[in-house]
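Given next are the chains, with one letter for each unit.
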Amino acid sequence: MMFQADVQSDAHGIVRALPKRPKLPPAQASNFLELTARLYEPLWRHKSLSLISLGKVSVAEELVMILEHTAPQPLMNVLDAACSAGLYARTFLNYEPTLTVHAVDISLPFLHDAKRRAKDLLASQPEDAGITLVEADVQDLPH
């Protein structure tokens, strides 16, 4: 997938396409903290889904539903918009190793955490597949 000419990858391999961090309310601004990114998936993700679904859907069940709904096919490009720590991106790649997943988030700390969480998975992927981490606003994609 091609990016706009002015988009560059940083030293961590993250595509940087966010000209400046937007002004956000305090609750959303907390997503730019490393601690929030590190704790989101292990602590809050499961709790929030339980609250939203009134305890009727587990994260494991949600991931099965995502795969059934999207039915990823070999060699597809997939967009994980507002990817947070990359749970869906990792799920897609575990399901179909030949995918190229574009995991986009506005929070660089979350993208760093997504990269950390996907490290072992990415080491076993074909060279032309994997996860491309993109710091961008999903309303203004650099693709």
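Placed above this text is the structure.
I will try to describe carefully the structure that is included in this document.

Here is what the cut-offs are and how they apply
Residues numbered from 1 in each chain as written. Predicted model: local features only at pLDDT ≥ 70, side-chain atom pairs only at ≥ 80, totals over all residues. Heavy atoms only, no water. Helix = DSSP H or I, 4+ residues; strand = E, 2+ residues; numbered from the N terminus. Rg over C-alpha atoms; globule rule 2.2 N^0.38 Å. Buried < 20%, exposed > 50% of the residue type's maximum accessible area, 1.4 Å probe, protein only. Areas by Shrake-Rupley, 256 points an atom, 1.4 Å probe, with all protein chains shown as cover. Lys, Arg positive; Asp, Glu negative; His and termini not counted. Charge placed at Lys NZ, Arg CZ, Asp CG, Glu CD. Phe/Tyr/Trp six-rings, centres within 6.5 Å; stacked < 30°, edge-to-face > 60°. Lys NZ or Arg CZ within 6 Å of the ring centre and 35° of its normal.

Attention now moves to the overall build of the chain. In terms of regular secondary structure, the chain is built from five helices and five strands. Along the chain, from the amino end to the carboxyl end, the secondary structure elements read β-β-α-α-α-β-α-β-α-β. Taking 2.2 N^0.38 as the reference for a compact globule, 143 residues should give roughly 15 Å; the C-alpha atoms of the chain span a radius of gyration of 15 Å, in line with that estimate. On the principal axes, the C-alpha backbone points of the chain span a range of 45 × 40 × 25 Å. Here the chain holds 143 residues, and 38% of them are scored as buried. Accessible surface, the chain: about 8,700 Å² in total, of which carbon and sulfur atoms supply 57%. The positive charge centre, built from 13 side chains, and the negative charge centre, built from 17, are 9 Å apart in the chain.

Counted under the stated rule, the structure contains one aromatic pair. Between tyrosine 40 and phenylalanine 110, the ring centres sit 5.4 Å apart and the planes meet at 75 degrees, which makes this aromatic pair edge-to-face. Taken together, the residues tyrosine 40 in helix 2 (residues 34-52) and phenylalanine 110 in helix 5 (residues 108-123) connect sequence positions 70 residues apart. The exposure class of phenylalanine 110 is buried, given its relative accessible area of 3%. Just above the ring of phenylalanine 32 sits the side chain of arginine 21; from NZ or CZ to the centre is 4.2 Å.

Bringing the environment of valine 134 into the picture now. Among the structural elements, valine 134 can be located in strand 5 (residues 130-135). A C-alpha to C-alpha distance of 6.0 Å links valine 134 and alanine 103, two positions 31 residues apart in sequence.

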